[in-house]
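Observations on the model geometry
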Amino acid sequence: MQHLIKMSGRRLDGEIREAVRGQTTVGHDGRQSLEEAQRAIQELFVRIRDIKAKANKSEQTVKEITRDIKQLDHAKRHLTTSITTLNHLHMLVGGVETLTNLIKRRQYGETHQLLQAVVNVVDHFKKYHAIPQIRQLADTVHKMQDELGAQIISDFRDIYERQGSRSIPCEQLADACAVVQVLDPRVRDTLVQWYVELQLAEYVVLFHESEEVAWLDKIDRRYAWLKRLLIQFLDEGAKIFPPAWGVDEQICERFCQLTREELSKLMKERAAQLEVKLLLFAIQKTTSFEKVLAQRFANSMLHVEQEEVGQVDTW
């Protein structure tokens, strides 16, 4: 019996020792697994840190590339502007020299387009007028425009005084008018005013208050004279002056002013000779004349603020 108890005790001791050894092995394995997990976490952290560092470096590289591209683009724009400015400067210098020669030879057909280009270049250089050389070139162009305007007006006067009743060089004068359109508007106004007065000079003499045809009973002759003048203008003046200038309309407007002034003066001086029949005749002819003018200038651009006149057939 004792022997059995001892045997059981030994067996239990053995089982206990085995269990203790097993627990020791498990604990060792757990610590080893924990250490491996910690090492893996550290390696993962290092990799994440490396990836983040590479991402930051890539972002910095992209920023540097973008900055370089912007600098290159900015430099390109400045280079393009510089090249354009130099080309304009070359055009201005060469244009002024060429214009001087063309103006001396009165080659207005070639002068027109070149002058317009030179004026455009001068406007482009307005922001550079602080530079003495640029300002000097601009002043030269402006002086050239003033002299050119005076020269063209002088040419018109000389041609009409010299040609008289002979044919007028319409093409040459038309080229001159094209040049005038690039000049100060006052040049155009002066030229047109001179031409209008020239065309009506004969009318002032023919229908002077001392002449028999100046009285109301022959008022229709005044209007017939203007009609002939306008027909003559179509053959000559219309080939010279741009339609937008409305020279024929300005002739009619001045004619009406002169006629009103002269008739008013005459009727005051000869009030005793005024009769109803005579006045009715004058009114009838004048009304018909006004209708003719209304039809001719129904689409006038000179007085756009005036009331539009009904459209009818023109002469």
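In what follows, the accompanying structure is described. All chains use their own residue numbering, which begins from 1 and follows the written sequence. For a predicted model such as this one, the threshold for reporting local features is a pLDDT of at least 70, and the threshold for listing and counting side-chain atom pairs is 80 or more; totals across whole chains, interfaces and linings nevertheless cover every residue. To obtain the side-chain values, all non-hydrogen atoms of the structure were used and water was disregarded.

So, the packing of aromatic side chains
Defined as follows: What counts as a ring pair is set by centres within 6.5 Å for rings of Phe, Tyr and Trp (its six-membered ring), and what kind of pair is set by the plane angle: stacked under 30 degrees, edge-to-face over 60, tilted for all other angles. In this description a helix means any DSSP run of H or I spanning at least four residues, a strand means any run of E spanning at least two, and both kinds are numbered starting from the N terminus. Each residue's exposure class comes from its accessible area (1.4 Å probe, protein chains only) as a fraction of the maximum for that residue type: buried when under 20%, exposed when over 50%, partly exposed otherwise. Counting as a charge over the ring demands two things of the Lys NZ or Arg CZ atom: a distance within 6 Å of the ring centre and an angle within 35 degrees of the ring normal.
Tallying each qualifying case throughout the model produces 13 aromatic pairs. Ring geometry for Phe 156 against Trp 194: centres 6.4 Å apart, planes inclined by 80°, an arrangement best described as edge-to-face. Taken together, the residues Phe 156 in helix H3 (residues 132-163) and Trp 194 in helix H5 (residues 185-206) connect sequence positions 38 residues apart. Neither residue differs from the other here; Phe 156 and Trp 194 are each classed as buried. Note on Tyr 203 and Phe 255: the rings are 4.6 Å apart at their centroids and 50° apart in plane angle, and the pair reads as tilted. Of this pair, Tyr 203 sits in helix H5 while Phe 255 sits in helix H8 (residues 247-269), placing them 52 residues apart in sequence. Both residues of the pair, Tyr 203 and Phe 255, belong to the buried class. Grouped by ring-pair contacts, the aromatic residues Phe 156, Tyr 160, Trp 194, Tyr 195, Phe 233, Phe 241 and Trp 245 constitute a single cluster. Above the plane of the ring of Trp 215 lies Arg 270, whose end atom (NZ or CZ) is 4.1 Å from the centre.

Some remarks on the nonpolar core
To be explicit about the condition: Residues belong to one nonpolar core when they are buried, are Ala, Val, Leu, Ile, Met, Phe, Trp, Tyr or Cys, and are joined through side-chain atoms within 4.5 Å. Whether two residues are in contact is decided by their heavy atoms, any of which lying within 4.5 Å being enough.
Formed by 65 residues in total, the largest nonpolar core has its most connected members in Leu 92, Phe 156, Leu 191, Leu 226, Ile 240, Phe 241 and Ile 251. Contributions of two or more residues to this core are made by helix H1 (2-104), helix H2 (108-124), H3, helix H4 (170-180), H5, helix H6 (219-235), H8 and helix H9 (276-296). Ranked by residues supplied to this core, first place goes to H3 with 11 residues. In this structure, Leu 191 is in contact with Ile 153, Phe 156, Cys 177, Val 180, Phe 241 and Trp 245, ignoring residues within four places of it in sequence.

Thoughts on the pattern of salt bridges
Pairs can form between side chains of opposite charge once their charged atoms are near each other. How we decide: The working definition used for a salt bridge is a side-chain nitrogen of Lys or Arg within 4 Å of a carboxyl oxygen of Asp or Glu.
Applying the stated rule across the entire model yields 8 salt bridges. For the salt bridge of Arg 188 with Asp 189, the shortest nitrogen-to-oxygen distance reads 3.2 Å. A salt bridge links Lys 218 to Asp 217, with the nearest nitrogen and oxygen atoms 3.3 Å apart.

Looking at the packing of H5 against H8
Heads up, the rule is: Between N-to-C directions, angles span 0 to 180 degrees; the directions come from axes that are lines fitted to C-alpha atoms, helices contributing only their stretch in contact. The scheme is simple: roughly parallel for angles under 35 degrees, roughly antiparallel for over 145, roughly perpendicular for 65 to 115, oblique for anything else. Two helices that cross are described as forming a left-handed crossing if the nearer one is turned anticlockwise from the farther one by less than a right angle, and a right-handed crossing if clockwise. Under this grouping Gly is polar, as are all residues other than the nonpolar Ala, Val, Leu, Ile, Met, Phe, Trp, Tyr, Cys and Pro and the charged Asp, Glu, Lys and Arg.
Their axes nearest at 10 Å, the elements H5 and H8 cross at an angle of 50°. The orientation of H5 relative to H8 falls into the category oblique. Considering only the axes of H5 and H8, their crossing is right-handed. Note on element contacts: H8 touches H5 through Val 247, Gln 250, Ile 251, Arg 254, Phe 255, Leu 258 and Thr 259, opposite Val 192, Tyr 195, Val 196, Glu 197, Gln 199, Leu 200, Tyr 203 and Val 204. Each residue belonging to the contact of H5 with H8 can be placed in one class, and the counts come to 10 nonpolar, 3 polar and 2 charged.

By themselves, these observations are geometric and do not establish any function.
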